[in-house]
Amino acid sequence: MNTISVEAGLILAGILFMLGLISVMIRRNIIFMLISVEIMLNAAGLAFIVAGARWAQPDGQVMFIFILTMAAAEVSVGLALILQLYHQLKTLDGDAANKMKG
C-alpha cells in the first residue's frame, strides 16, 4: 500500500485550511461561510490523522472523531440560526445579520 509523506499531508491540510479561511473572509452568504468552516475543520482533522500516522498512535484518529462530533453540532446550530435569520430578514446575507438589534 502506498503512503504519502508527512510533509505532503501537512501541506495539503494547510492548503485546505487556507482555502477555507479565505472563503470565510470573502463570502457574504452564510451557507457558504458554514461550508468554509467545515473545510477548515476537515483540514485540521487531516493534520491530526497525518500526525497520528507519523508516530503510529491512534490519537490522531480519536481527535478526528471529536472534530467530526463538533462539526455535526456546529452544523445543527448553524442551520437553525440560518433558518431563523432567513425567516426574519428574508435574506442569507451576512451583513444583514449585522443590522439586527436585540
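What counts and how
Here the residue index of a chain counts from 1 through its sequence in written order. Owing to the predicted nature of the model, reporting of local features is limited to residues with pLDDT of at least 70; listing and counting of side-chain atom pairs is limited to 80 or more, with chain, interface and lining totals taken over all residues. Remark: hydrogens and water are excluded; side-chain values derive from all non-hydrogen atoms of the structure. UniProt positions are given in the numbering used here, feature names are shortened, and annotations may be inferred rather than shown by experiment. Helix and strand assignments follow DSSP, with helices taken as H or I runs no shorter than four residues and strands as E runs no shorter than two, numbered in order from the N terminus. The span expected for a helix works out to 1.5 Å for each residue beyond the first. Buried means the residue's accessible area, taken with a 1.4 Å probe over protein chains only, is under 20% of the maximum for its type, while exposed means over 50%, and partly exposed covers the values in between. To obtain an axis, a line is fitted to C-alpha atoms, over the contacting stretch when the element is a helix, and the angle between two such axes runs from 0 to 180 degrees between their N-to-C directions. If an angle is under 35 degrees, it is roughly parallel; if it is over 145, roughly antiparallel; if it lies from 65 to 115, roughly perpendicular; otherwise it is oblique. Throughout this entry, Asp, Glu, Lys and Arg are counted as charged residues, while Ala, Val, Leu, Ile, Met, Phe, Trp, Tyr, Cys and Pro are counted as nonpolar. The remaining residues, Gly among them, count as polar. Here, two residues are considered to be in contact whenever any of their heavy atoms come within 4.5 Å of each other. Any two rings among Phe, Tyr and Trp, with Trp reduced to its six-membered ring, count as a pair given centres within 6.5 Å; such a pair is stacked if its planes are under 30 degrees apart, edge-to-face if over 60, and tilted if neither. Only Lys NZ and Arg CZ are tested; either one counts as a charge over a ring when it is within 6 Å of the ring centre and within 35 degrees of the ring normal. Pairs of N or O atoms are called polar contacts if they sit within 3.5 Å, as long as, within protein, a hydrogen donor faces a hydrogen acceptor (for residues adjacent in sequence, only side-chain-to-side-chain pairs).

Chemist: Hey, could you go over the UniProt feature "transmembrane region" (unreviewed entry) in the chain for me, with residue numbers and the actual values?
Modeler: The residues that UniProt annotates with the feature "transmembrane region" (unreviewed entry) are residues 6–24, 31–56 and 62–83. Secondary structure within residues 6–24 divides into 100% helix and 0% strand; the distance between the first and last C-alpha atoms comes to 27 Å. Regarding residues 62–83, the helix share stands at 100% and the strand share at 0%, and the terminal C-alpha atoms are separated by 32 Å.

Chemist: Please set out helix α3 (residues 59–89) residue by residue, giving values where relevant.
Modeler: Each full turn of the α-helix corresponds to 3.6 residues, which orients residues three or four apart in the same direction. If you check α3, its first and last C-alpha atoms are 44 Å apart, about what 31 residues at 1.5 Å a residue would give, namely 45 Å. Those residues of α3 that fall on the buried side of the exposure criterion are G60, I67, A71, G78, I82 and L85. Positive backbone phi, approximately 60 degrees, marks K90, located one or two places after α3.

Chemist: Give a description of the packing of helix α2 (residues 30–54) against α3 that names residues and reports values.
Modeler: α3 packs onto α2 with a crossing angle of 175 degrees between their chain directions and a minimal axis gap of 9 Å. Judged on the interaxial angle alone, α3 and α2 are roughly antiparallel. Here the residues of the contact of α2 with α3 sort into 18 nonpolar, five polar and two charged.

Chemist: Residues and numbers for the side chain of S36, please.
Modeler: Structurally, S36 can be placed in helix α2. Among residues more than four places away in sequence, those in contact with S36 are G20, S23 and V24.

Chemist: How would you explain unusual backbone geometry if you had to name every residue and give the values?
Modeler: Residue A56 is not a glycine yet carries a positive backbone phi of 55 degrees. Mapped onto the fold, A56 is located in the loop between α2 and α3. Owing to a relative accessible area of 67%, A56 belongs among the exposed residues under this scheme. With a phi close to 60 degrees, K90 is a non-glycine residue in the positive phi region. Considering the arrangement of structural elements, one finds K90 in the loop between α3 and α4 (94–98). Given a relative accessible area of 58%, K90 falls into the exposed group.

Chemist: Go over the packing of aromatic side chains with me, naming the residues and quoting the values.
Modeler: In total, this model carries zero aromatic pairs according to the counting rule given. Taking NZ or CZ as reference, R27 lies 4.6 Å from the ring centre of F32, over its face.

Chemist: Hey, could you go over α2 for me, with residue numbers and the actual values?
Modeler: Here α2 contains 25 residues, and its C-alpha end-to-end distance of 36 Å stays within 8% of the 36 Å for a straight helix at 1.5 Å per residue. By the burial criterion, the buried members of α2 are I30, L34, S36, E38, M40, L41, A43, G45, V50 and G52. Among the structural elements, α1 (6–26), α3 and α4 are those in contact with the buried residues of α2. Structurally, the start of α2 carries an N-cap: the backbone nitrogen of I31 is 3.1 Å from a side-chain oxygen of N29. Residue A56 follows α2 closely and has a positive phi angle near 55 degrees.

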